[in-house]
Amino acid sequence: MLKDFEKNKREDKEALNTELKALREKLLGQQQLLRDAGLPVIVLIEGWAAAGKGSLIKELICEIDPRFYNVVSHVVTPEADCRYPFLYPYMNAIPEQGKSTFLDSGWMENAVRKYLRHEITKTEYRSRVRQVNEFERQLRNSGYLILKIFLHIDRDEQLSRLQALAEAPETEWRVTREDLWQYKEYKRFMEAYDEFMDNTDDIVAWHVLDGSRRKTAVRNAMQLLVRRIDSGLESGRYTGEPYEEDFPLKEMPKLADVDLSPTLDDEEYKKELKKLQTRLSDLHNIIYRKKIPVILCYEGWDAAGKGGNIRRVAYPLDPRGFDVHPIASPLPHELRRQFLWRFWTRLPRTGHICIFDRTWYGRVMVERLEGFCSEKDWKRAYNEINEFERMLTDWGAVVLKFWIHIDQDTQLERFTLRENTPEKQWKITDEDWRNREKWDQYEVAVNEMLQKTSTKNAPWYIIESNDKKYARIKTLRIIVKALEKACDEHFRRMMD
């Protein structure tokens, strides 16, 4: 893309100004149409240091209402200092429906710089390229309008601009060591940029603009943006077709085939609980030192005992190193974004533990059965969830998913007990009874979920919970075993 790029010829200044005025007016009018249509827009501006990325964004936004856009400039943090997954800052920045986000550099610059600095391996780099394609496809399939621009200048032009910035007292701060290193390694960067764009061009196309002609670059960028918005407004909100990647899956039984008879007597329960909680407390200190993130996901039938199970897991943990997120119906600002956004924003830092009481699997259960999303959306979600969880485990997270399982008779007993116990009545709602009436439908949905999303890297565990004591001990054993394995693997990697 860059090696064969031809510079723009000089254009008539007056004609350019006329075009720019018309384009600005067009963009201003499109903003209200985007809000009415509920279409979110992401504009990614990548390019060389001193190519004019910030100036280009300034021109793009100069006439539109600042209440409905956001400009984000991400610093490429050294890999050793990163506490969240690679794509975390970019998913955080996605706009609500009807609003726009302009990114001054993003996922390409991040991946390329870290690869050229040897902070990530070739394998890790390729993984990040795959993650970018999955990220862009998930956003596109959720209705996002995405425009990717690379602002190109040659090496001589870059040197001239860097020198001009460095010589002026008010702008010298803008020239960093990273910029000078990029200039020195211009050829390597150009090859890396070319490779990245070639490998991420299929889902959302790249547009290379000549940054040496500033006003022409602004005009061309505005034309691209106007056309992209017009196309989106004309075709309406895009929703991608369901698709399935061949993930390595762990074989799961049907819920009806699970034996719910296992029990544990009080004496053994107390003994095992103390031992496992003590070990979990020790492991929490170890994973903090080793910066291993842990994500525990709880789903299950109403009254199955998720809350009590979570309390026994959380009790031995240092409260400064874990969070519990009870997930309810999405709030309005969450509904107006891609469905995984509200879970991305709750991920733990490295070395911390995050416990989700209900998860992203609501998309293929309650949202599916209650009609809160389209059939396309929930069918597509299986693969999107598997991709999301693979991103988490590629980052180094331990991801464990628990289905807390009981039978219908046990649920009825617990519902009745809650209704007849004043201090527990808040736990039972009309919605619980309505969901119970749909038990068979939910069982079909849960079985499909378990079959399609219990991957080798993020497996499901069915926890028999007719006896809550047995369920708590089984869950703690699984967590302890998984954390011990993660710590051992971390040690072996350090020794290699």
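For every chain, the first residue of the written sequence is number 1, and numbering continues from 1 along that sequence. The model is predicted, so local features are restricted to residues of pLDDT at least 70 and side-chain atom pairs to those at 80 or more, both for listing and for counting; the totals for chains, interfaces and linings are taken over all residues. Hydrogens and waters are ignored; side-chain quantities use all the structure's heavy atoms.

K.L.:
Give me the lowdown on the sheet that holds strand β5 (residues 206-210), citing residues and values where you can.
P.N.:
For two strands to be treated as a pair, DSSP must find no fewer than two bridges joining them. Helix and strand definitions follow DSSP, with helices as H or I runs of at least four residues and strands as E runs of at least two, each counted in order from the N terminus. Spatial strand order, β2-β3-β1-β4-β5: five strands in an open sheet with parallel pairing. Either end of the sheet is taken by a strand with one partner, and the two such strands are β2 (69-73) and β5. On average, adjacent strands in this sheet sit at an angle of 20° to one another, irrespective of strand direction. Pairing analysis gives seven bridges linking strand β1 (residues 41-47) to strand β4 (residues 145-152), with the strands arranged parallel. Paired with L44 across the bridge in β4 is K148. Fitting a line to C-alpha atoms yields each axis, with helices limited to the stretch in contact; the angle taken between N-to-C directions then spans 0 to 180 degrees.

K.L.:
Pulling in residues and values, what's your account of the pairing of β4?
P.N.:
Note on exposure labels: buried denotes an accessible area under 20% of the residue type's maximum, exposed denotes more than 50%, and partly exposed covers the range between, all computed with a 1.4 Å probe on protein chains only. Within β4, eight of the eight residues are buried, which leaves it mostly tucked inside the rest of the structure. Where burial is concerned, the two faces of β4 agree: the one with L145, L147, I149 and L151 and the one with I146, K148, F150 and H152 are both buried. For β4 and β5, the ladder comprises five bridges, and the chain directions are parallel. Considered in β5, the bridge of I149 is made with H207.

K.L.:
Quick rundown of the sheet that holds strand β10 (residues 460-464)? Include the residues and the values.
P.N.:
The five strands are arranged β7-β8-β6-β9-β10 in an open sheet whose pairing can be described as parallel. Edge positions in the sheet fall to β7 (322-326) and β10, since each of these pairs with one other strand and no more. On average, each strand axis in the sheet is tilted by 20° relative to the strand beside it, whichever way the strands run. Here, residues are in contact when the closest pair of their heavy atoms is within 4.5 Å. Docked against the sheet, helix α18 (residues 439-453) engages β9 (398-405) and β10, running at close to 140° with respect to β10.

K.L.:
Outline helix α4 (residues 107-116), supporting the account with residue identities and numerical values.
P.N.:
The buried count for α4 comes to nine of ten residues, which makes it a mostly enclosed element. Listing the buried residues of α4 in full gives W107, M108, E109, N110, A111, V112, R113, K114 and L116. H118 lies just past α4 and shows a positive phi near 65°.

K.L.:
Kindly report on the packing of aromatic side chains, identifying the contributing residues and their values.
P.N.:
Two rings belonging to Phe, Tyr or Trp (six-membered ring only in the last case) form a pair when the distance between their centres is within 6.5 Å. Interplanar angles under 30 degrees mark stacking, angles over 60 mark edge-to-face geometry, and anything in between is tilted. A complete count under the given rule lists 25 aromatic pairs for this structure. Between the aromatic rings of W48 and Y186, the centroid separation amounts to 4.0 Å while the plane-to-plane angle is 10°, which identifies the pairing as stacked. Of this pair, W48 sits in the loop between β1 and α2 (53-61) while Y186 sits in helix α8 (residues 186-199), and the two are 138 residues apart along the sequence. On the basis of relative accessible area, W48 is assigned to the buried category, the value being 0%. Seen in terms of ring centroids, F356 and W360 are 5.2 Å apart; in terms of plane orientation they differ by 70°. Their pairing is edge-to-face. Here F356 matches W360 in class, with each residue buried. Within the aromatic cluster, the residues linked to one another by ring pairs are F343, W344, F356, W360, Y361, F388 and W460. Sitting over the face of the ring of W341, R337 holds its NZ or CZ atom 4.1 Å from the ring centroid. Over a ring means this: the NZ of a Lys or the CZ of an Arg is within 6 Å of the ring centre and within 35 degrees of the ring normal. Above the plane of the ring of W378 lies R368, whose end atom (NZ or CZ) is 4.0 Å from the centre.

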